[in-house]
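Spelled out, the chains give:
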Amino acid sequence: MSPSVRLQEMIRVIRGARTQGEERGVIQRECAAIRAQFRQADNGTRSHNLAKLLYVHMLGYPAHFGQMECVRLIASPRYNEKRVGYLGAMMLLDEKQDASLLITNSIKNDLSHNSQYVQSLALCTLACMGSAEMCRDLAPEIDRLLRASNSYIKKKAALCAVHIVRKVPDLGELFTPAARSLLCEKNHGVLHGAVVLITELCERNPDTLEQFRKVVPELVQIMKGLVMSGYSPEHNVAGISDPFLQVRILRLLRILGRNNDTASDAMNDLLAQVATNTDSSKTAGSAVLYETVLTVMDIKSESGLRVLAVNILGRFLLNNDRNIRYISMTSLQKIVQTDHNAVQRHRGTIVDCLKDQDASVKRRALELSLALVSAVNIRSLMKELLLFLSSCPPELRAHTTSGIFNAAERYAPSQRWHIDTILHVLTTAGGDVRDETVPNLIQLITTATELHCYTVHKLYRALITDISVQSLVQVACWCIGEYGDLLLRGECEETEPVQVTEDDVLDALETVLQSHMSSPATRGFALTATMKLSTRITHNVDRIRSIVSIYGSCIDVELQQRAVEYNALFKKYDHMRYRGSVCGAPSVIGYLSPLWSFSPFSYLLGGSGEPVPSSGLSHTVPGPATSTSGGDLLDLLGGLDVSPGEPQSSPPSVKVYEKNGVTLKLQTDSQTDTGMTITLTATNSTDGDITSLTLQAAVPKVCFGLPGCLCILYSTLVSDEMGCPDWCFSTQVQPCFQNSWDSL
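Everything quoted here is computed from the prediction, not taken from an experiment.

### Concerning the overall build of the protein chain
Across its full length, the protein chain carries 32 helices and seven strands. Counting over 744 residues, the protein chain shows a buried share of 50%. Intrachain contacts of the protein chain at a sequence separation of at least 6 include 65% that bridge at least 24 residues. Accessible area of the protein chain: about 35,900 Å², with a carbon and sulfur share of 51%.

Printed below as a string of structure tokens:
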């Protein structure tokens, strides 16, 4: 290819290259030729060579060696060279390069040129790549051109002033008078530039904002003229008169009316007129209506106007264009909290958008549907959300389940409905739920005392149907272990009773333990449930013992540790299983490792208490248990020797502290099936008074918030009227069902 080829020929050769290497070779040869000609004297081909270099730059190849040539061409008196030079400056130079400072004087000279086209070249270049220093030097020239009589120059000067204000906000005051005078122009290009400039000035200076609030009536009149004007070929776009200018004016009105009653009142009628007279069948009309809605929602508008704006967004939901539906739901999402009832009217249309094929539209529809849930529509809307969950894309399932759980927790009409909803979600998308779902559901079931029988039957059916959903299996195992006696009883008013034998229950749990789909956490739940059943069944204890012993040599360390602990309970404390406890204290099985995060049996069995990973939950087991005498930690009342089956003749008393003249004694006064009363007697044998006597009770952190922990609920100080130095604290001990404790 000859070095003197024209631009069109170079483009043809480059496009004809078969490989990237061939293209690179063509460009390297041409760039070498261009460099050589740049070093020669002016031969009339400089603009031609720079044009070719700009095309090379557009392809992504280095062209920085042409920067100085741009400076030379800008200083040329010939228009064709000056035009290419300014174009090259806008493409090859930026404000960070020193070469850009070399064209400042040329731009200043061209701004005073007698040709409007040369002036426009200088204005466009300054607006494109002018640095802060250039803007400060040339701002007075731009202000002068804003007052020129030529509309072509004024519209370009207005846009150049916008760039200057963004670079140097302090110069905004210089352009404020000229910007206001431009609103009187009839030329749409000048008006557009003026509105953009005023918008920039108002956003950057609160004082300027207050000044321009006085021009709201003028802007309203300009907007009315656009809305009510007849057909104008030069401004008409799809039946809308200059939608670009309308959108700009609406944005400016939104800024001027924000947090200002006077400005908002002045534009309310106009906004209503635009909202009712603009055709939304075309994209141009939809753009104007969308800006109108945003303005109505952002200013202090009337309530009826806000309802009209929401209805416009509702019409957008029916549009065939998915982009319009998307921006409609995005806007509704922003206003649903403030105009909830108005948005509720379009709930059906919003729910229909859940069936859209576009993933972005589905996500927006899901977020808006969840925001519309209330106590009034919870049942109907939840049906739609559960139906969507069954067919929603995998990437939306986690968000959907989380939203359903939050809505059910806030607006559940009943505990049974709440439990049914969560179980439905677990059955449909159990693998996508949050980690805290299992303990939250367990807590919900625990508090719903009257639904224990219903829940355990329903979960048992789910367990024998499918064991692939781990979260559902974990809850089912926990519930069976906790309320297995209700399941075996076979009497349930809330659901159809099912005759379940002990072998059926153990078969289900053993299936979970042996399944390859069960995670270690799920096996932990199943093993604990199996152990709990040893206090609830009578004929299969040996089978439970056999199941537990198998996992004493399991390769999984967590299961192995738990199985070893349970085996130790069978061997060492089996006599406590069915016999009554002192004053109703729970049996040892009630303390089955509440969380995998800590093992209380390290204490109970003399272990080290090393933490292990979390994987299960346990509960108290109602039923008798007994305490043995001696120093064993399982001797909960230490030193009380009550043989199983023997009646208690009198409340036992134990001296627990004696030092420095202070003696403390514990005595059991009374007991029920759910609790017992212990009296603490403090005796002072010294000559002086004892003040600030404090009673504190504590349990290990592992027991916090778990059923089956003994908690002191209240205490009362008792002293005789004669000032006897004896104090008696009556303390009731009951199982605790709270999530967390405060300091007692």
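### Here we look at the pattern of salt bridges
Tallying each qualifying case throughout the model produces 31 salt bridges. Where Lys458 meets Asp420, a salt bridge forms, and the shortest distance between an N and an O atom there is 2.9 Å. Of this pair, Lys458 sits in helix H26 (residues 452-465) while Asp420 sits in helix H24 (residues 415-429), placing them 38 residues apart in sequence. What makes Asp420 partly exposed here is its relative accessible area of 21%. Salt bridges sharing common partners tie together Asp503, Asp507, Glu510 and Arg543.

### Considerations on the pairing of strand E4 (residues 662-671)
Where strand E3 (residues 653-659) and E4 come together, six bridges link them in antiparallel fashion. Residue pairing across strands places Val654 opposite Leu666, the latter belonging to E4. The hairpin formed by E3 and E4 contains two residues between the paired strands, and Asn660 there has a positive phi angle of roughly 55°. Note: E4 against strand E5 (residues 676-684), nine bridges, orientation antiparallel. Within E5, the residue paired with Gln667 across the bridge is Thr679.

### Side note on the packing of helix H29 (residues 520-533) against helix H31 (residues 557-572)
Two measures define how a pair of helices packs: the angle their axes make with one another and the distance between the axes. Between H29 and H31, the least distance of the axes is 10 Å, while the angle of their chain directions is 5°. Compared by their axis directions, H29 and H31 come out roughly parallel. For the pair H29 and H31, contact is made by Pro520, Arg523, Gly524, Leu527, Thr528 and Met531 and by Leu559, Arg562, Ala563, Tyr566, Leu569 and Phe570, respectively.

### Here we look at the packing of helix H17 (residues 303-316) against helix H18 (residues 322-335)
Packing of H17 against H18 leaves a shortest axis separation of 8 Å and a crossing angle of 145°. For the crossing formed where H17 meets H18, the hand is left-handed. Contact residues: H17 offers Val310, Leu313 and Phe316, while H18 offers Ile324, Arg325, Ser328, Ser331, Leu332 and Ile335. Here the contact of H17 with H18 is composed, by residue class, of six nonpolar, two polar and one charged.

### Some points on the nonpolar core
The tendency in soluble globular proteins is for nonpolar side chains to be buried side by side. Residues Ile142 and Phe175 are the most contacted members of the largest nonpolar core, which totals 178 residues. Top contributing element to this core by residue count: helix H27 (residues 470-489), with 11 residues. Ile142 has contacts with Leu111, Leu123, Leu126, Ala157, Cys160, Ala161, Ile164 and Phe175, leaving out every residue within four places of it along the chain.

### Things to note about unusual backbone geometry
One non-glycine residue with positive phi stands out, namely Ala238, at about 55°. When you line up the elements, Ala238 lands in the loop between strand E1 (236-237) and strand E2 (240-241). Judged by relative accessible area, Ala238 falls into the partly exposed class, the value being 46%. Phi at Asp242 is positive, roughly 45°, even though this residue is not glycine. Relative to the elements of secondary structure, Asp242 occurs in the loop between E2 and helix H14 (243-257).

### Some remarks on the packing of aromatic side chains
Under the counting rule described, the total for this entry stands at two aromatic pairs. Judged by centre distance (5.8 Å) and plane angle (85°), the rings of Trp478 and Tyr483 are edge-to-face. Under the relative-accessibility criterion, Trp478 is labelled buried at 2%. Residue Tyr483 is classed as buried on the basis of its relative accessible area, which comes to 8%. Above the face of the Phe65 ring, Arg35 is positioned so that its terminal group lies 4.1 Å from the ring centre. The side chain of Arg416 reaches across the aromatic face of Tyr454, ending 4.1 Å from its centre.

### Some words on the side chain of His346
Residue position: His346 is located in the loop between helix H19 (340-344) and helix H20 (347-352). Not counting residues within four places of it along the chain, the set of residues in contact with His346 comprises Val310, Asn311, Gly314 and Leu317.

### Overview of the side chain of Thr278
Its location among the elements puts Thr278 in the loop between helix H15 (261-277) and helix H16 (283-298). Within polar-contact distance, the side chain of Thr278 engages the backbone oxygen of Val274 at 2.7 Å. When near neighbours in sequence (up to four residues on either side) are disregarded, Thr278 contacts Ile240, Gly285, Val288 and Leu289.

### Re the confidence of the model for the protein chain
Of all residues in the protein chain, 81% attain a pLDDT of 70 or more, and the chain-wide mean is 80. The low-confidence segment residues 700-744, where pLDDT is below 50, has 103 contacts with residues more than four positions distant or belonging to other chains.

### Observations regarding the state of the cysteines
What the rule picks out here adds up to zero disulfides. Here Cys135 stays free of any disulfide, with the sulfur of Cys160 as its closest cysteine sulfur at 7.0 Å. The class of Cys135 is buried, set by a relative accessible area of 0%.

### Considering H18
The end-to-end C-alpha distance of H18, which contains 14 residues, comes to 20 Å, matching closely the 20 Å that a straight helix rising 1.5 Å per residue would cover. Of the residues making up H18, those classed as buried are Ile324, Arg325, Ser328, Met329, Thr330, Ser331, Leu332 and Ile335. Measuring from the side-chain oxygen of the N-cap residue of H18 to the backbone nitrogen of Asn323 gives 2.9 Å; that N-cap residue is Asp321.

Calculation criteria
Residues numbered from 1 in each chain as written. Predicted model: local features only at pLDDT ≥ 70, side-chain atom pairs only at ≥ 80, totals over all residues. Heavy atoms only, no water. Helix = DSSP H or I, 4+ residues; strand = E, 2+ residues; numbered from the N terminus. Buried < 20%, exposed > 50% of the residue type's maximum accessible area, 1.4 Å probe, protein only. Contact = heavy atoms within 4.5 Å. Areas by Shrake-Rupley, 256 points an atom, 1.4 Å probe, with all protein chains shown as cover. Salt bridge = Lys/Arg side-chain N within 4 Å of Asp/Glu carboxyl O. Pairing = 2+ DSSP bridges. Axes fitted to C-alpha atoms, helices over the stretch in contact; angles between N-to-C directions. Parallel < 35°, antiparallel > 145°, perpendicular 65-115°, else oblique. Left-handed = near helix turned anticlockwise from the far one by under 90°. Nonpolar A, V, L, I, M, F, W, Y, C, P; charged D, E, K, R; others polar. Core = buried A, V, L, I, M, F, W, Y, C linked by side-chain atoms within 4.5 Å. Phe/Tyr/Trp six-rings, centres within 6.5 Å; stacked < 30°, edge-to-face > 60°. Lys NZ or Arg CZ within 6 Å of the ring centre and 35° of its normal. Polar contact = N/O pair within 3.5 Å; in protein donor to acceptor, adjacent residues only side chain to side chain. pLDDT = per-residue confidence, 0-100. Disulfide = S-S within 2.5 Å. Expected span 1.5 Å × (residues − 1).

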